[in-house]
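# Examining the three-dimensional arrangement
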Amino acid sequence: MALKIVKGSIDRMFDKNLQDLVRGIRNHKEDEAKYISTCIDEIKQELKQDNIAVKANAVCKLTYLQMLGYDISWAAFNIVEVMSSSKFTYKRIGYLAASQCFHEGTDVIMLTTNQIRKDLSSPNQYDTGVALTGLSCFVTPDLARDLANDIMTLMSHTKPYIRKKAVLIMYKVFLKYPESLRPAFPRLKEKLEDPDPGVQSAAVNVICELARRNPKNYLSLAPLFFKLMTSSTNNWVLIKIIKLFGALTPLEPRLGKKLIEPLTNLIHSTSAMSLLYECVNTVIAVLISLSSGMPNHSASIQLCVQKLRILIEDSDQNLKYLGLLAMSKILKTHPKSVQSHKDLILQCLDDKDESIRLRALDLLYGMVSKKNLMEIVKKLMLHVDKAEGTTYRDELLTKIIDICSQSNYQYITNFEWYISILVELTRLEGTRHGHLIASQMLDVAIRVKAIRGFAVAQMAMLLDSGHLLTGNMQRNGICEVLYAAAWICGEFSEHLDDPMQTLEAMLRPKVASLPGHIQAVYVQNAAKLFATVLQKHEGATDSQAAQDTSQLLIERLPLFVQSANLEVQERASCILQLVKYIQKLQQKDVEVAEEVSALFAGELNPVAPKAQKKVPVPEGLDLDAWINEPPSESESEDEKPKAVFAKEEPKQSRARHIEVDEKELARRREARKQEQANNPFYIKSSPSSQKVYQDAPGVEHIPVVQIDLSVPLKVPGMPMSEQYLKLEEERRQKERADKKKKDKKKKKREKRGKGKRDDSGPESEEDITPAHQVDIVTEEMPENALPSDDDDKDPNDPHKALDIDLDKPLADSEKLPVRTHRREVLKSPEEDGDQDGITQEAKRRSSKEKKEKDRKSKEEEKKKKKKKHKHVVEEEPPEPLSEEPVQSEESAEVAAPPTSTSAEASDLDFWLSSAPVPPPIKEALAPKTSVAAAPDSEPDVPKDAEPDEEKSLKNKKKKQKKEKDEKKKKKRHHHHHHHGDGGGGDSVQNGTVEEEEEEEPLPPMSNYCLLAENSYIKMVYDIQGNLQDGSQVVVSVIFENKSNSFLKSMEFNVLDSLNSKLQRPEGASPHDGLVVPFQLPPGVSNEARFVFSVQSIVMPQKLKGTLTFIVKSEDSSTHEKLDFKLHFTCTSYLITTPCYSDAYAKLLESGDLKSSSLKLEGLNMPFHHLLARICFHHHFSVVERIDSCASMYSRSIQGHHVCLLVKTANQTVSIDAKCDEPSLLANVLDEIKQTFSQC
Amino acid sequence: MIKAILIFNNHGKPRLIRFYQYFAEDLQQQIIRETFHLVSKRDDNVCNFLEGGSLIGGSDYKLIYRHYATLYFVFCVDSSESELGILDLIQVNIIQTHVFVETLDKCFENVCELDLIFHMDKVHYILQEVVMGGMVLETNMNEIVGQVELQNRMEKSEGGLSAAPARAVSAVKNMNLPEIPRNINIGDINIKVPSLSPF
């Protein structure tokens, strides 16, 4: 054996390790691939060895190769092997490799479940840590479901290192297994107040991620976060919280009001830029959420804008960038305050950094007004000329169009100018946004009637100039413009001066090289033009011109008839036939113009893009139903429908490359020269234009372009936009002068009234009148259009599944799957797959009953509200109290009483409505505070906080009294009745309980009983067993501050007995007290938990203890102490465990159990109440119930089975019990008896 | 959320890649190339934010990077992360120190590219203490360094037997005598071993 090990290490000597591999790769630069493939062969050999060290080394090397892009999924099984090594060194390597290459499709992943579970529960915290880290990268829905419970347990691990990792990974678990969110949420929420800052930060992180996607579900956490925000000093946490508030404020404007002040303070006080920036961002979000009519917030806006200006002026480019980014958010709601910084923003347009220029561009959008639009666009056009990369240039182009077209062309005073800008933009080579320009052209021409004449003239020129036809079509998205040009010319051909010429231009052979959909438009509109030409010449003396036109069409159209594009072909053949027919008629001197133009009569109105979607579906029409039998698969694949008006999406047809050989090129060049010579509009190339053209980006890469150097930069004959700028200036000046005159006249008439008018100041927006009366036609919408629902969410978004109401009480079925081995022992109806008919029946019944129960509890709630019965509910602490997962789930399940939703909502309302004075906030803040049920359950916010506060105080007093009363009556644990409902945890039981006696609601119950009390503090406690650890119980103690002073430095200490010991942190002596991890402001209560280890559980026992604390009042502080006795009943060692009836029967048959019995006389309560009490106070669950007889089951933390058979007849209840531990049973029965003796 | 962390050098050679969302290996390489292309053409004195590449993320994602001597550290994050915070995380700080790179600094005693090249696994282990599953786990440098050191110590204590010969061998190999050790045929030893084992 020893030799084998030696041999193994000798083998290892000659394996390469990671460093050798890296070195080798670096030494084989020229044949790297070959070298690596030999390495992979070696690795494969190594993986075949038995030695785990060799394997781990191999896997480590594979991880490196993975980084270089090699697929290592073939080694997945070996990775799993290395993961399962007992040595941390290897395990870590295995998990690292797995996290790099495992994913949902990796099939070996399902083999890892048990290994990971083992590692998670490893005593070594780093094993657990490594497993958590690995899992966070490759968690799958299956793993999430199987391990959710284990991870949840780890959230309460003693080591903060594990806690924080467990908290963080929960987010991944939620994503993969959304059902886990609700059961796990209470504990996650509890971690927000973890003493360890790292854990706290992790919890904040996770909740922020969750809330970002579905903010409305997390509104109720706002008070808690508010508290964290005002108390935390960790900037990272602060940033996250502040970001979260940014997401919450749009949902709750009142929250915003509350935030403004602390945020403003932070802005003033912090030195960290990151924090400052996020504060400003959230203040902006707040300001956006508040209605604009808030004059007192203008100061905050000013503050933000000022701070942002400082950021933008900073020499640090990062701050500049972020400043602009945040500025653009303000812009949306408060454009005025940003506009005053126009200078700065325009300056940023010239920045050398492209990211910053882009951000500045975003801002320009809001900077424009009627007054400065032309100026700004002119500046942008200059940038367009200078822009080096196409991305930035394209961005400029879209921004120009955005700016001009925003809010229905609000700022455009002169559409001629706009059209000429658009035409100028067409000279951009290689832009992707041809279709954008085209759609603008179409939109303007259609909607602005007054501009049509001008637009048509410009478009005709575009068609004629042919500069768009040159260059190679594939790269030139700009040719899309021709689509618009052709359509406008055709549709509004009555405005054309010389339709004949345009017609000719449209039928040039070169057109055939355009993309199909443009050709189709050409052909169609050629026909329209034809109709116009006919009409023009009709009635004129010479019919020759009309006949020439027909001849032209007949000559040119065959080119299109041969087109490979079906649509072009079809339209061309149609029109060709039509023209041929017309020609015949013309030769017979028949008047045809009237009829031909009738073909294109009628005006097309602009239709809103979403109009089609908004047409309501008529009743009885199923759009998804087949009209005919569906065609076979193959057919439908072949025939993909082709869009008719395909301008929006990129064309595949454009991709069709037209091969152009040298000869052809030369020929074309000749033709073009010829054409240019003949073209009267062509301005002979000027040196300047050539120069600019050469400057155009990417010229040197496009060989064809060089041939086209003679193509002019300026689109021939185009009126330049600059012209308009001057004209506009003049026009405005004139107008102003006119106005002044009028004003003066007016003033004179007013006999020099009031103050002087400031004439020198810039004219106001309204003063600028548009150059021509523009009638912007609005887009048509169908009648009874459906209300807008535009923002469809992506159905594949994983976060959609997490849109879960977290305030709703947990239903019985909502729990995390428990470990499989336990499932086998005690089959629970929900988890058992192969049950017989009975269970399924039971299941069905239970779900029905659950529904009914829900309904009933709602009714109950309503009733309570109606009566305004100030029924005091001790709100269960939202957190599960024990360390033990099953139990905690169950308590979580039932934690929220039906009223809690409204209570919580009103909590928030209360918090939001109250003034930001510390004490009341904190009172409402403390999540575990016993809060009265919704004060009067009014949905509206109480107008002032005062009476509200009083009310809650009153309630509190009342509550205390009531609690005392209860305690006197029964010195037993009590619990709230809702807890009792679910105490059984099992739906069968719930159903049974509620089945018959519907009218009688259960009385309130609580398991918390008084521990000790003096004038300062009151402690109530509850004990729960820990299923994970058979020797532990968890004592949850609620501390309530009854005094008017601040209680701090609380220390909880217990005198350990031989049998029971308080778990103290490592290194603490057995006499040290435990520090309670919180302080208590006056009137506040909070809960702490203490873990005890116990050896024997068969006897009840009492432990003496002391609580010491410091009472801090305004001027003095005193040490106080309070003694108490902790009573561990046998019941507290029992854990509610669902049991399945045949398992129960087997258990009874086995004969291992000792029996005992109990009789209760004169018990006057409904049977279901009785059962509920046993379930609730003694942690039993109902297995089966038949009339007035029920079997119940429970299990101790050490695995003792306890079975009860409860029968009732004439106020007498007999309980037959069986247990494998007689003394435990006797004690439990005693305790049951005691419970009922108090009733 | 952080979607990916990439470290590559001035030539685009990856030194560490960590994706928090699954991408196939070839796509990963494409992303690295694209990111390198985007980042490398930027001057050193421009801002450190970049609207995301086409392959990774979308409009919500940003690339936040820093350039140190020969290395680029690139984080691809969505809008839930604070831009400056991540920058701090890469270098400057939240409380007082350079968290990530500084951590490397501490662990490797002055980090340089070669350290990253030869100890990619170690860098991963450090990173795991800073970012987990795409979320920032810890920003306190002392805590990070402490945990990393404790784990390394644990590894050393386990190392014992198996690590020693490997170290010896790598020392031999460093002598640059590539042929000598390779020619020893271990197969022979293998045959002798069974005959010895009876006693």
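What you see is a predicted model; the values in this text were computed from it and never measured.

The next point concerns the overall build of chain B. Across its full length, chain B holds eight helices and seven strands. Relative to its full complement of 199 residues, chain B shows a buried share of 55%. Just so you have it, chain B exposes about 9000 Å², and 54% of that area is on carbon and sulfur atoms.

What chain A contains, in helices and strands, is 49 helices and 15 strands. Counting over 1239 residues, chain A shows a buried share of 55%. Looking at chain A alone, contacts between residues at least 24 apart form 73% of all its contacts between residues at least 6 apart.

All right, on to the pairing of strand E7 (residues 1085–1094) of chain A then. Residues and elements named next belong to chain A. Counted residue by residue, E7 has nine buried out of 10 residues, so it is predominantly covered. Across nine bridges, strand E3 (residues 1032–1041) lies against E7 in antiparallel orientation. Across the sheet, the residue bridging to Val1034 is Val1091, located in E7. In terms of strand pairing, strand E5 (residues 1060–1062) meets E7 through three bridges, oriented antiparallel. If you follow Ser1060 over to E7, its bridge partner there is Val1094.

Another point: the pattern of salt bridges. Counted under the stated rule, the structure contains 39 salt bridges over all chains. A salt bridge links A:Lys528 to A:Glu491, with the shortest nitrogen-to-oxygen separation between them at 2.7 Å. Pair noted here: A:Lys528 is in helix H29 (residues 516–537) and A:Glu491 is in helix H27 (residues 480–491), with a separation of 37 residues, a long-range link. A:Glu567 is paired through a salt bridge with A:Arg571; the nearest N and O atoms lie 2.7 Å apart. Of this pair, A:Glu567 and A:Arg571 both sit in helix H31 (residues 566–587), separated by four residues, roughly a single helical turn. For A:Glu567, a relative accessible area of 23% puts it in the partly exposed group. Within the structure, one salt-bridge network assembled from shared partners comprises A:Glu209, A:Arg212, A:Arg213 and B:Asp78.

For interface size, the figure often reported is the accessible area lost on association. With 79 residues of chain A in contact, the opposing surface of chain B contributes 73 residues. For the chain A and chain B pair, buried surface summed over both sides reaches about 7000 Å², with 58% attributable to carbon and sulfur atoms. Considering only the side of chain A, the residues that lose the most area to chain B are A:Met67, A:Arg92 and A:Trp236, jointly responsible for 11% of the buried surface there. Counting every contact that joins chain A to chain B gives nine salt bridges. We note a salt bridge from A:Asp353 to B:Arg42, for which the minimum N-O separation is 3.3 Å. Seen at the junction of chain A and chain B, the total is 29 residue pairs in polar contact (both at pLDDT 80 or more). In terms of residue count, helix H6 (residues 88–101) of chain A provides more of the side of chain A that touches chain B than any other element does, nine residues in total. Partitioned by chemical class, the residues of the side of chain A that touches chain B number 35 nonpolar, 20 polar and 24 charged.

Time to look at the environment of B:Ile17. Mapped onto the elements, B:Ile17 comes out in strand E2 (residues 14–19). Look past the residues within four positions of B:Ile17 in its chain and what remains in contact with it is A:Gln66, A:Met67, A:Gln100, B:Ile5, B:Leu6, B:Gln28, B:Ile32 and B:His124.

Residues and elements named next belong to chain A. In terms of strand pairing, strand E8 (residues 1101–1112) meets strand E9 (residues 1117–1128) through 12 bridges, oriented antiparallel. Across the sheet, the residue bridging to Thr1108 is Lys1121, located in E9. Counting the residues in the hairpin turn of E8 and E9 gives four residues.

Turning next to the sheet that holds E3(A). Residues and elements named next belong to chain A. Strand order in the open sheet formed by five strands is E1-E2-E3-E7-E5, and the pairing between neighbours is antiparallel. Here the strands that pair on one side only, and so sit at the sheet edges, are strand E1 (1009–1013) and E5. Averaged over all pairs of adjacent strands, the angle between their axes in this sheet comes to 30 degrees, without regard to strand direction. Note that E1 and strand E2 (residues 1017–1025) share four bridges and pair antiparallel. Within the sheet, the bridge partner assigned to Cys1009 lies in E2 and is Tyr1021.

With that settled, the discussion passes to the sheet that holds strand E6 (residues 1074–1075) of chain A. Spatially, the four strands line up as an open sheet ordered E6-E4-E8-E9 (chain A), and their pairing is antiparallel. The open sheet has two free edges, formed respectively by E6 and E9 of chain A, since each of these has just one partner strand.

Looking now at helix H15 (residues 253–269) of chain A. Residues and elements named next belong to chain A. In this model H15 runs 25 Å from its N-terminal to its C-terminal C-alpha over 17 residues, within 8% of the 24 Å that 1.5 Å per residue would give. When the local axis directions of H15 are compared, the greatest deviation, roughly 35 degrees, occurs at Leu259, which is followed within four positions by the proline Pro262. Three or more residues of H15 are buried, namely Leu255, Gly256, Lys258, Leu259, Ile260, Pro262, Leu263, Thr264, Leu266 and Ile267.

In this section: the packing of helix H3 (residues 32–48) of chain A against helix H4 (residues 52–67) of chain A. Residues and elements named next belong to chain A. Two numbers describe how H3 lies on H4: the axes approach to 8 Å, and their chain directions differ by 150 degrees. As summarised for this structure, H3 and H4 are arranged roughly antiparallel, according to the angle between their axes. Crossing of H3 against H4: the hand is left-handed. Contacts between H3 and H4 involve Ile36, Ile40, Ile43, Glu46 and Leu47 from the first element and Val54, Lys55, Asn57, Ala58, Val59, Lys61, Leu62 and Leu65 from the second.

Moving on, we get to the packing of aromatic side chains. All names here are of chain A. Scanning the model with the defined rule gives 19 aromatic pairs over all chains in all. For the pair Phe102 and Phe138, a centre-to-centre distance of 5.5 Å together with 65 degrees between the ring planes defines the contact as edge-to-face. Here Phe138 lies in helix H8 (residues 125–138) and Phe102 lies in the loop between H6 and helix H7 (113–120), a separation of 36 residues in the sequence. Residue Phe138 is classed as buried on the basis of its relative accessible area of 1%. Between Phe1039 and Phe1078 the ring centres are 6.0 Å apart and the planes differ by 70 degrees, which places this aromatic pair in the edge-to-face class. Pair noted here: Phe1039 is in strand E3 and Phe1078 is in the loop between E6 and E7, with a separation of 39 residues, a long-range link. The same class applies to Phe1039 as to Phe1078, namely buried. Taken together, the ring pairs connect Tyr409, Phe415, Trp417 and Tyr418 into an aromatic cluster. Lys44 extends its terminal NZ or CZ atom over the ring of Trp74, reaching a point 4.9 Å from the ring centre.

Moving on, we come to helix H17 (residues 298–313) of chain A. Residue and element names in this part refer to chain A. Taking 1.5 Å per residue, 16 residues should reach 22 Å; H17 reaches 22 Å between its end C-alpha atoms and fits that length. Those residues of H17 that fall on the buried side of the exposure criterion are Ser300, Ile301, Leu303, Cys304, Val305, Leu308, Leu311 and Ile312. Where H17 is buried, its residues contact H15, helix H16 (273–289), helix H18 (317–333), helix H19 (335–339) and helix H20 (342–348).

As a further point, take unusual backbone geometry. Residues and elements named next belong to chain A. The backbone of Ser1049 sits at a positive phi, close to 45 degrees, despite the residue not being glycine. Structurally, Ser1049 can be placed in strand E4 (residues 1046–1054). The backbone of His1179 shows a phi angle near 60 degrees, a positive value even though the residue is not glycine. Position of His1179 relative to the elements: it lies in the loop between helix H48 (1167–1178) and strand E12 (1181–1186). Classification of His1179 as buried rests on a relative accessible area of 5%.

Secondary-structure assignment places B:Glu25 in helix H1 (residues 25–40). Of the buried charged residues, B:Glu25 lacks a salt bridge, with B:Arg18 as the closest side chain of opposite charge at 10 Å. Leave out the neighbours within four places in its chain, and B:Glu25 touches A:Gln66, A:Gly69, A:Tyr70, A:Asp71, A:Ile72 and A:Cys101.

A surface patch of like charges, here negative, comprises A:Asp589, A:Glu591, A:Glu594 and A:Glu595. As for its placement among the helices and strands, A:Glu595 is situated in helix H32 (residues 593–598).

Here we come to the confidence of the model for chain B. Residue and element names in this part refer to chain B. Considering every residue of chain B, the mean pLDDT works out to 72; 66% of them sit at 70 or more. The lowest-confidence element of chain B is helix H8 (residues 186–196), averaging 40 in pLDDT; the highest-confidence one is strand E6 (residues 131–132), averaging 90. With pLDDT under 50 throughout, residues 92–100 is counted as low confidence; its partners more than four residues away or in other chains account for 31 contacts. A low-confidence stretch, residues 176–199 stays under pLDDT 50, and its non-local contacts, those more than four residues away or across chains, total eight contacts. The complex prediction reports pTM at 0.55, with the ipTM value standing at 0.81.

Basis of the calculations
- Residues numbered from 1 in each chain as written.
- Chains lettered and ligands numbered in written order.
- Predicted model: local features only at pLDDT ≥ 70, side-chain atom pairs only at ≥ 80, totals over all residues.
- Heavy atoms only, no water.
- Helix = DSSP H or I, 4+ residues; strand = E, 2+ residues; numbered from the N terminus.
- Buried < 20%, exposed > 50% of the residue type's maximum accessible area, 1.4 Å probe, protein only.
- Areas by Shrake-Rupley, 256 points an atom, 1.4 Å probe, with all protein chains shown as cover.
- Contact = heavy atoms within 4.5 Å.
- Pairing = 2+ DSSP bridges.
- Salt bridge = Lys/Arg side-chain N within 4 Å of Asp/Glu carboxyl O.
- Buried area = accessible area lost by both parts, 1.4 Å probe.
- Polar contact = N/O pair within 3.5 Å; in protein donor to acceptor, adjacent residues only side chain to side chain.
- Nonpolar A, V, L, I, M, F, W, Y, C, P; charged D, E, K, R; others polar.
- Axes fitted to C-alpha atoms, helices over the stretch in contact; angles between N-to-C directions.
- Expected span 1.5 Å × (residues − 1).
- Bend = angle between axes of the 7 residues up to and from the residue.
- Parallel < 35°, antiparallel > 145°, perpendicular 65-115°, else oblique.
- Left-handed = near helix turned anticlockwise from the far one by under 90°.
- Phe/Tyr/Trp six-rings, centres within 6.5 Å; stacked < 30°, edge-to-face > 60°.
- Lys NZ or Arg CZ within 6 Å of the ring centre and 35° of its normal.
- Lys, Arg positive; Asp, Glu negative; His and termini not counted.
- Patch = residues over 30% accessible without salt bridge, like charges linked within 9 Å, V, L, I, M, F, W, Y side chains within 5 Å.
- Charge placed at Lys NZ, Arg CZ, Asp CG, Glu CD.
- pLDDT = per-residue confidence, 0-100.

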